[in-house]
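# Analysis of the macromolecular model
One-letter residues, chain by chain:
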Amino acid sequence: MIGVSIGYYMSTSHQYNLTGVHVHINLLGWTALTLIGLIYVLFPELEKKALAKIHFWLHNIGLPLMMISLFVMLQTGNMTSTPLVIGTAVGGTLVLIGVFVFAFNVLVNLKKSEA
Ligand code: HEM
């Protein structure tokens, strides 16, 4: 809802500076998490692993932190503020590690016979 609302705001106001926030909320927050959820429905043994919970929390803490920081950066034009740089860097790192944890879960725990 937030991702499409930002897209709608950009369309109607003709201000495209928030494109980076719009695309990441929609793709990492909606599309990727939807696919991951469907993978867990197809292969429920993956969802039972601790790796799935670790990924969930890394993704759901990291993405809002990265997006809020990036939103403020792009809206204010202040690309060098230390708290905002730390927010995007830490948030982005958490999401990156989370996606690797998810991929590791799939690669290690999805048996060939089930795929
Ligand atoms: C109400 C729904 C949406 C509206 C009004 C909307 C609006 C926009 C606007 C105005 C742009 C900027 C276009 C430009 O820079 O020329 C954009 C870019 C983009 N949107 Fe959306 N969007 C919507 C939903 C979505 C969804 C659901 C996704 C993905 C799941 C998405 C992914 C993207 C991507 C990847 C771009 C970047 C395209 C590029 O720069 O080449 N959008 N959107």
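Bear in mind that the values here come from a model prediction, so they are computed numbers and not experimental data. (Residues numbered from 1 in each chain as written. Predicted model: local features only at pLDDT ≥ 70, side-chain atom pairs only at ≥ 80, totals over all residues. Heavy atoms only, no water.)

### Describing the coordination of the iron atom of the ligand
Just so we agree on the cut-off: Metal donors: N, O and S atoms at distances within 2.8 Å, or within 3.2 Å for Na, K and Ca, with water omitted from the atom set so that some sites may seem incomplete. A run of H or I in DSSP counts as a helix once it spans at least four residues, and a run of E counts as a strand once it spans at least two, with each numbered from the N terminus.
A lone protein donor binds the iron atom of the ligand: His22 (NE2), at 2.0 Å. Along the chain, the position of histidine 22 falls in helix α2 (residues 19–42).

### Here's the deal with the packing of aromatic side chains
In plain terms, the rule: Two aromatic rings, drawn from Phe, Tyr or Trp (for Trp, its six-membered ring), form a pair once their centres lie within 6.5 Å of each other, and the interplanar angle then sorts them: stacked below 30 degrees, edge-to-face above 60, tilted otherwise. Burial classes: relative accessible area under 20% of the type maximum marks a residue as buried, over 50% as exposed, and values in between as partly exposed (1.4 Å probe, protein chains only).
Going through the model one piece at a time under the given rule, you end up with two aromatic pairs. Ring centres 6.0 Å apart and planes at 75° place the aromatic pair tyrosine 40 and phenylalanine 102 in the edge-to-face group. Here phenylalanine 102 lies in helix α5 (residues 82–109) and tyrosine 40 lies in helix α2, a separation of 62 residues in the sequence. As far as the burial class goes, tyrosine 40 and phenylalanine 102 line up, both buried. An angle of 85° between the planes, with centres 5.0 Å apart, marks the rings of phenylalanine 56 and tryptophan 57 as edge-to-face. For phenylalanine 56, a relative accessible area of 42% corresponds to the partly exposed category. Its relative accessible area of 53% is what places tryptophan 57 among the exposed residues.

### Observations regarding the site of the ligand
Selection criterion: Note on definitions. A residue lies near a molecule or strand when any single heavy atom of the residue is within 4 Å of it. Gly is put with the polar residues, along with every residue not named as nonpolar or charged; the nonpolar set is Ala, Val, Leu, Ile, Met, Phe, Trp, Tyr, Cys and Pro, and the charged set is Asp, Glu, Lys and Arg.
Taken together, Val4, Gly7, Tyr8, Met10, Ser11, Tyr16, Thr19, His22, Val23, Asn26, Leu27 and Thr31 make up all the residues around the ligand. Of the residues forming the shell around the ligand, the biggest block, six residues, is contributed by α2. Each residue belonging to the shell around the ligand can be placed in one class, and the counts come to six nonpolar, six polar and no charged.

### Points about the UniProt feature "transmembrane region" (unreviewed entry) in the protein chain
Cut-off, in case you're wondering: UniProt positions are given in the numbering used here, feature names are shortened, and annotations may be inferred rather than shown by experiment.
The positions UniProt marks with the feature "transmembrane region" (unreviewed entry) are residues 23–43, 55–74 and 86–108. Between the end C-alpha atoms of residues 55–74 the distance is 27 Å, and the span holds 100% helix and 0% strand. Strand forms 0% of residues 86–108 and helix 100%; the C-alpha atoms that close the span are 32 Å apart.

### Considerations on the packing of helix α1 (residues 2–13) against α2
This is how the line gets drawn: Angles run from 0 to 180 degrees between N-to-C directions of axes, and those axes are lines fitted to C-alpha atoms, restricted for helices to the stretch in contact. Working rule for angles: under 35 degrees goes down as roughly parallel, over 145 as roughly antiparallel, 65 to 115 as roughly perpendicular, anything else as oblique. Left-handed describes a crossing whose near helix is turned anticlockwise from the far helix by less than a right angle; the clockwise case is right-handed. What makes two residues a contact is simply this: any of their non-hydrogen atoms within 4.5 Å.
Two elements in contact, α1 and α2, have axes whose closest approach is 8 Å; the angle formed by their N-to-C orientations is 150°. It follows that α1 is roughly antiparallel to α2 by the angle criterion. α1 and α2 meet at a crossing whose hand is left-handed. Contacts between α1 and α2 involve Ile2, Gly3, Val4, Ile6, Gly7 and Met10 from the first element and Thr19, Val21, His22, Ile25 and Asn26 from the second. Looking at the contact of α1 with α2 residue by residue, the class counts come to six nonpolar, five polar and no charged.

### Quick word on unusual backbone geometry
You will see that histidine 14, though not glycine, has its phi angle at about 55°, which is positive. Locating histidine 14 in the fold gives a position in the loop between α1 and α2.

### Topic: α1
Selection criterion: Each residue after the first adds 1.5 Å to the expected span of a helix.
An ideal rise of 1.5 Å per residue puts 16 Å on twelve residues; α1 measures up with 16 Å between its terminal C-alpha atoms. On the buried face of α1, the contacting elements are α2 and α4 (50–76). Once α1 finishes, histidine 14 follows within two positions and takes phi at roughly 55°, a positive value.

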